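# What the coordinates show
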Amino acid sequence: MLRTSALLACAAAVAEAYILPGAPLTTSCKNVAHSAISNSQQRPRVPSLRRSVSLRMAASVSKEEMTEQLKGAKKMIQDLIDKTNANPIMVRLAWHDSGTHDASIDAAWPKAGGAIGSIRFEPEIKHGANAGLASAVKMLEPVKKQFPAVSYADLFQMASACAIELAGGPKIDMKYGRVDAAGPEDCSPEGNLPDAEAGPSGKYGGTSGTKPTEDTSPNGHLRKVFYRMGLNDEEIVALSGAHTLGRAFKDRSGLGAEKTKFTDGSKVARADGKNGIGRTGGSSWTEQWLKFDNSYFTTIPNKNADPELLKLSTDKTLFDDDGFRPFAEKFRDSQDEFFKSYAKAHKKLSELGSKFEPADGIKI
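Residues numbered from 1 in each chain as written. Predicted model: local features only at pLDDT ≥ 70, side-chain atom pairs only at ≥ 80, totals over all residues. Heavy atoms only, no water.

Attention shifts here to the overall build of the protein chain. If you tally the helices and strands in the protein chain, you get 13 helices and four strands. When burial is assessed residue by residue, the protein chain has 62% of its 364 residues classed as buried. With the model as given, the accessible surface of the protein chain reaches about 13300 Å², and the carbon-plus-sulfur share is 49%. (Helix = DSSP H or I, 4+ residues; strand = E, 2+ residues; numbered from the N terminus. Buried < 20%, exposed > 50% of the residue type's maximum accessible area, 1.4 Å probe, protein only. Areas by Shrake-Rupley, 256 points an atom, 1.4 Å probe, with all protein chains shown as cover.)

Written as structure tokens, this is what we have:
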């Protein structure tokens, strides 16, 4: 990996997770996505089928049957997350899939990237920012096998929404029916995701994606990444708040400690108070990093916060930048306001670049 990603640093976080594609594994994480959050250190192989079986399967079932399969898949995913504490890595997987979107590309679907399930294919799954995400895809394979009509794109986004809700976050107004990318030819180029910290050159981002994201400032870099997706300042800040979940791991993003008092397994991290954290170690942005709340926004500006908690450049800029600050302060002062904005931004991110069948999607 290479520089730390923020997309979901901006969104990134979520962390455990966001590690961005390809830059030197020193500081890159995908936003969103930033750090490595996976509960498994293995990188299992993912199917690299040229054509997705779900493309044919979805066309062969009725809307009613698809709805039932979606409901079954959701229940199975909820049970999986509850047992494995995989909330952060599921958020990271979905965001790294959708976060490749380039709204300026005026070409036939799926050339603009986005939430199309292409992350399951090589070379995208091997991008530096996606380190460890093959494990998340593998975790969802039994769900795909049990409910074959549900696309991978839907499974990834469903798992992310379930992860947020199970951690105590807002209910996301999701819709399903996404069509899957057909094969490796539909993968986006490496370099579309955000960095959490500057690289050796002192710059954030680069020029290898669909649009240059290089900038000398963290706020400028974040805007180049998220504006390319079609997101605005409020959405950037709201999605950044997902860093309340997860941790950064040095072997994934190049950031974070081997472990802290909050990640060594000695403290309860879950919102429901149950024990269990998955893999120990790494550095978290918040003390209770498996609970979704507004603690990210109360911690970042707090000069008296525990020094073992992460505060990266792309985090601190939310309170320094004139455009970001009003939203960051609003979310610090009101969890309800944060949840409202976050739910809208998450839904928008989950639909970037997606093609739905039926066109209006399916609600469950």
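Taken as a whole, this structure holds ten aromatic pairs when the rule is applied. When the ring of Phe292 is compared with that of Phe339, the centres are 5.8 Å apart and the planes differ by 50°; the resulting orientation is tilted. Of the two residues, Phe292 sits in the loop between strand S4 (283–284) and helix H10 (295–299) while Phe339 sits in helix H13 (residues 335–351), which places them 47 residues apart along the sequence. The structure contains a cluster of three or more aromatic residues connected by ring pairs, namely Phe292, Tyr296, Phe297, Phe331, Phe338, Phe339 and Tyr342. Across from the ring centre of Phe356, 4.5 Å away, lies the NZ or CZ of Lys175, which sits over that ring. A cation over a ring is seen here: Arg223 above Phe324, with NZ or CZ 4.1 Å from the ring centre. (Phe/Tyr/Trp six-rings, centres within 6.5 Å; stacked < 30°, edge-to-face > 60°. Lys NZ or Arg CZ within 6 Å of the ring centre and 35° of its normal.)

With that settled, consider the pattern of salt bridges. Counted by the stated rule, this structure contains 18 salt bridges. When the shortest N-O distance is used, the salt bridge between Asp82 and Arg270 registers 2.6 Å. Of this pair, Asp82 sits in helix H3 (residues 63–84) while Arg270 sits in the loop between helix H9 (250–253) and S4; the two residues are 188 residues apart in sequence, bridging distant segments of the chain. For Asp82, a relative accessible area of 35% gives the class partly exposed. Among the salt bridges present, the one from Glu351 reaches Lys347, with a minimum N-O distance of 2.8 Å. Of this pair, Glu351 and Lys347 both sit in helix H13, four residues apart, roughly one helical turn. By sharing partners, the salt bridges in this structure join Asp82, Arg270 and Asp272 into a single network. (Salt bridge = Lys/Arg side-chain N within 4 Å of Asp/Glu carboxyl O.)

For the rest of this paragraph, the subject is the nonpolar core. One finds Ile77, Met90, Leu140, Phe292, Phe297 and Tyr342 to be the most contacted residues of the largest nonpolar core, which totals 71 residues. Of the residues forming this core, the biggest block, nine residues, is contributed by helix H6 (residues 152–166). Setting aside residues up to four positions removed in sequence, Tyr342 forms contacts with Trp95, Ile164, Pro170, Ile172, Ala238, Leu239, Ala242 and Phe292. Residues Ala269, Trp289, Leu290 and Leu309 belong to the second largest nonpolar core, which totals six residues. (Core = buried A, V, L, I, M, F, W, Y, C linked by side-chain atoms within 4.5 Å. Contact = heavy atoms within 4.5 Å.)

Turning to the confidence of the model for the protein chain, a few remarks are in order. Where the model shows low pLDDT, its predicted coordinates should not be examined in detail. Per-residue pLDDT for the protein chain has a mean of 87; in total, 84% of the residues score no lower than 70. Of the regions scoring below 50 in pLDDT, residues 1–52 engages in 352 contacts with residues more than four places distant in sequence or in other chains. (pLDDT = per-residue confidence, 0-100.)

Time to look at unusual backbone geometry. The peptide bond linking Trp109 to Pro110 adopts the cis configuration, its omega dihedral lying at 5°. Take Pro110: it is sitting in the loop between helix H4 (87–98) and helix H5 (133–146). Cis peptide bonds are those with omega within 30 degrees of zero, and the linkage from Glu122 to Pro123 qualifies with 10°. Mapped onto the elements, Pro123 comes out in the loop between H4 and H5.

A few words now on H13. Under the 1.5 Å per step criterion, the end-to-end length of H13 is 24 Å for 17 residues, consistent within 8% with the ideal 24 Å. When we look at burial in H13, the residues that qualify are Phe338, Phe339, Ser341, Tyr342, Ala343, Ala345, His346, Leu349 and Ser350. (Expected span 1.5 Å × (residues − 1).)

This part covers the side chain of Gln69. Residue placement: Gln69 occurs in helix H3. Look at Gln69 and you get buried, because its relative accessible area is 9%. Of note is the side chain of Gln69, whose polar atom sits 3.1 Å from the backbone nitrogen of Ala149. Sequence-distant contacts of Gln69, defined by excluding residues within four places in its chain, comprise Phe147, Pro148, Ala149 and Val150. (Polar contact = N/O pair within 3.5 Å; in protein donor to acceptor, adjacent residues only side chain to side chain.)

Relative to each other, H3 and H5 sit at 160°, their axes nearing to 10 Å. Considering their axes alone, H3 and H5 lie roughly antiparallel with respect to each other. Remark: the crossing between H3 and H5 carries right-handed chirality. Within the contact between the two elements, H3 uses Ala73, Met76, Ile77, Leu80 and Thr84 and H5 uses Met139, Leu140, Pro142, Val143 and Gln146. A class-by-class count of the residues in the contact of H3 with H5 yields eight nonpolar, two polar and no charged. (Axes fitted to C-alpha atoms, helices over the stretch in contact; angles between N-to-C directions. Parallel < 35°, antiparallel > 145°, perpendicular 65-115°, else oblique. Left-handed = near helix turned anticlockwise from the far one by under 90°. Nonpolar A, V, L, I, M, F, W, Y, C, P; charged D, E, K, R; others polar.)

Moving on: the environment of Asn219. With respect to the secondary-structure elements, Asn219 resides in helix H7 (residues 218–229). C-alpha separation for the pair Asn219 and Asp320, spaced 101 residues apart in sequence, amounts to 8.9 Å. Leaving out residues up to four positions away in the same chain, Asn219 has contacts with Thr317, Asp321 and Phe324. A distance of 2.9 Å separates polar atoms of two side chains, one belonging to Asn219 and the other to Asp321.

Another point: the environment of Ala149. As for its position among the elements, Ala149 is in the loop between H5 and H6. What makes Ala149 buried here is its relative accessible area of 2%. Put simply, Ala149 and Glu65 are 84 residues apart on the chain and 8.8 Å apart in space, counted from C-alpha to C-alpha.

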